[in-house]
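Descriptive analysis of the structure
Here is what each chain is made of, one letter per residue.
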Amino acid sequence: MTEQTFVLPDVGEGLTEAEIVQWRVAPGDTVAVNDVIVEIETAKSLVELPSPYSGTVGELLASEGSTVEVGAPIITIGAADAGTPAPAAPATVPEPSDPGGAVLVGYGTGGAVSSRRRKPAERPVKASVGVVAKPPIRKLARDLGVDLSAVTPSGPAGEVTRDDVVKHAEQASVFRNIETPAWGEVREETIPVAAPAASVAAPAASVAAPAADAREESIPVRGVRKATANAMTSSAYSAPHVSVWVDVDASRTMELVKRLKASPDFADVKISPLLIMARAVIWALRRTPMINAAWVDTEDGAQIRVRHYVNLGIAAATPRGLLVPNIKDAQAMKTRELAKALENLTLTAREGKTSPADQTGGTFTITNIGVFGVDAGTPIINPGEAGIIALGAIRQKPWVVDGEVRPRWVTTVSGSFDHRVVDGDGISRFIADVASVLEEPALLLD
């Protein structure tokens, strides 16, 4: 039996290394072409690698948690004998995320790959035996803490769909249902940092047991957290940030959200104040184009690149870390299209399936800190952009209207901007425009 070696491929992100997160096979297992054999984490996403060979797994050359360079061998697979029938297809086949996914990752195509986030710690969720739901839907239900047996299915043949699970979950449950662990008896714990990548990754060295009175924990910085840290440090120390904020009476925005939710035209779309905020930002960017620009250093000197399109980034806090996927050409979308795009973007991020292509090319970012009950902040600009805006919590507060104090829905709009690109008057005009739309959404009719 001939043995074949599978090396870590370039997954099309322009990266040089990846971390081995979880092996899906063990020595002696039989695999077929395109069977998922390992899950890796790059700086941008989690990726499932399929096998390019069929046969029997020989040796795993890289251990879980180790960092491996692209081109380094990670597994050997013994080719099936000529007289041996091909192994039967597995009973459960992973659901493809894209019709073009039949091409092996890293083999002749740079297209998007299926990805998902690292499996979180299990939370007690009731069993859902007898419920018809695909594996990705069951995983989403576990992540959101949803009991599938309590969900009303809307799919064909009584199947639970992704929308069924999301609608059943509470707002922002993917974040709010994270349990807070009690203080343990261990005072300090050290988690080993992956060794520098070598041509063949050696198994991780054994680590001494933590002291019984440990109080601290060391977490290795890698993957999404490493990429975020590098990007935020670069932005904070290269772009001179200036931050502004304004309180806004968003009562009419809340009225509009209520009417859209009741409209049959938006019955199958998630509507929230973020949708009106997104429309307000796009409208304001059209009126102050320099906010949608970027500072670019070239061999011929610095330039300001003004984009006449809007790739609207939405900062998404996920269990894997901060992701900023963006909606391409958001300025060309109608309200319903934009609402659907926002919904799909959020669901994809929660499921860990945001592709690297969806995280590049952004021109401006919105961060919805209000879902965490936060009023305002001074966010750091995403590299390659000139500004970021934050939507705070919308609360009922006393507000002076026509000389009388009345309860109104009030929020704070805050933002940070690159002062190299845009001056104070442009920044102030932009923030004022966004606030004006939230106060009177009818301005979007112009």
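Not measured: the values here are computed from a predicted model. (Residues numbered from 1 in each chain as written. Predicted model: local features only at pLDDT ≥ 70, side-chain atom pairs only at ≥ 80, totals over all residues. Heavy atoms only, no water.)

1. Observations regarding the packing of helix 6 (residues 273-287) against helix 7 (residues 335-350)
- Orientation of helix 6 relative to helix 7, taken along the N-to-C sense of each, is 120°, at an axis distance of 10 Å. For the crossing formed where helix 6 meets helix 7, the hand is right-handed. Contact with helix 6, carried on its side by L274, L275, A278, R279 and I282, involves T335, L338, A339 and L342 of helix 7 and no other residues of that element.
- Considering only residue class, the contact of helix 6 with helix 7 consists of seven nonpolar, one polar and one charged. (Axes fitted to C-alpha atoms, helices over the stretch in contact; angles between N-to-C directions. Helix = DSSP H or I, 4+ residues; strand = E, 2+ residues; numbered from the N terminus. Left-handed = near helix turned anticlockwise from the far one by under 90°. Contact = heavy atoms within 4.5 Å. Nonpolar A, V, L, I, M, F, W, Y, C, P; charged D, E, K, R; others polar.)

2. Thoughts on the packing of helix 6 against helix 8 (residues 424-439)
- Packing of helix 6 against helix 8 brings their axes to within 9 Å, and their N-to-C directions diverge by 140°. When the axes of helix 6 and helix 8 are compared, the pair comes out oblique. Note on packing geometry: the crossing formed by helix 6 with helix 8 is right-handed. Only F430, D433, V434, V437 and L438 of helix 8 make contact with helix 6, whose side of the interface consists of I276, M277, A280, V281, W283, A284, L285 and R287. (Parallel < 35°, antiparallel > 145°, perpendicular 65-115°, else oblique.)

3. Some details on helix 8
- The terminal C-alpha atoms of helix 8 lie 22 Å apart, and with 16 residues this matches the ideal 22 Å at 1.5 Å per residue to within 8%.
- Within helix 8, burial applies to G426, I427, F430, I431, D433, V434, A435, V437 and L438.
- On its buried side, helix 8 packs onto strand 11 (241-249), helix 5 (251-262), helix 6, strand 17 (364-367), strand 18 (387-391) and strand 20 (404-418). (Expected span 1.5 Å × (residues − 1). Buried < 20%, exposed > 50% of the residue type's maximum accessible area, 1.4 Å probe, protein only.)

4. Details of the sheet that holds strand 4 (residues 36-41)
- Spatial ordering of the open sheet is given by 5-4-2-7, a layout of four strands whose pairing is antiparallel. Both edges of this open sheet fall to strand 5 (46-50) and strand 7 (67-69), since each of them pairs with a single strand only. Going across the sheet, the axis of each strand differs from the next one's by a mean of 40°, ignoring polarity. (Pairing = 2+ DSSP bridges.)

5. So, a nonpolar patch on the surface
- A grouping of M290, W295 and I304 is seen on the molecular surface, where their side chains present a nonpolar patch of about 220 Å² in accessible area.
- With respect to the helices and strands, the residue W295 is situated in strand 12 (residues 293-298). (Patch = residues over 30% accessible without salt bridge, like charges linked within 9 Å, V, L, I, M, F, W, Y side chains within 5 Å. Areas by Shrake-Rupley, 256 points an atom, 1.4 Å probe, with all protein chains shown as cover. Salt bridge = Lys/Arg side-chain N within 4 Å of Asp/Glu carboxyl O.)

6. Things to note about the pairing of strand 8 (residues 73-79)
- Of all the seven residues making up strand 8, seven are buried; the element is thus mostly covered by neighbouring parts of the structure.
- When strand 1 (residues 3-7) meets strand 8, the two strands line up antiparallel, connected through five bridges. Across the sheet, residue V7 finds its bridge partner in strand 8, namely P73.
- Inspection of the sheet shows strand 6 (residues 55-60) paired to strand 8 by four bridges, in the antiparallel sense. Residue pairing across strands places L60 opposite I75, the latter belonging to strand 8.

7. Quick look at the environment of M232
- Relative to the elements of secondary structure, M232 occurs in helix 4 (residues 223-238).
- When sequence neighbours within four positions are dropped, the list of residues in contact with M232 reads I380, I381, N382 and P383.

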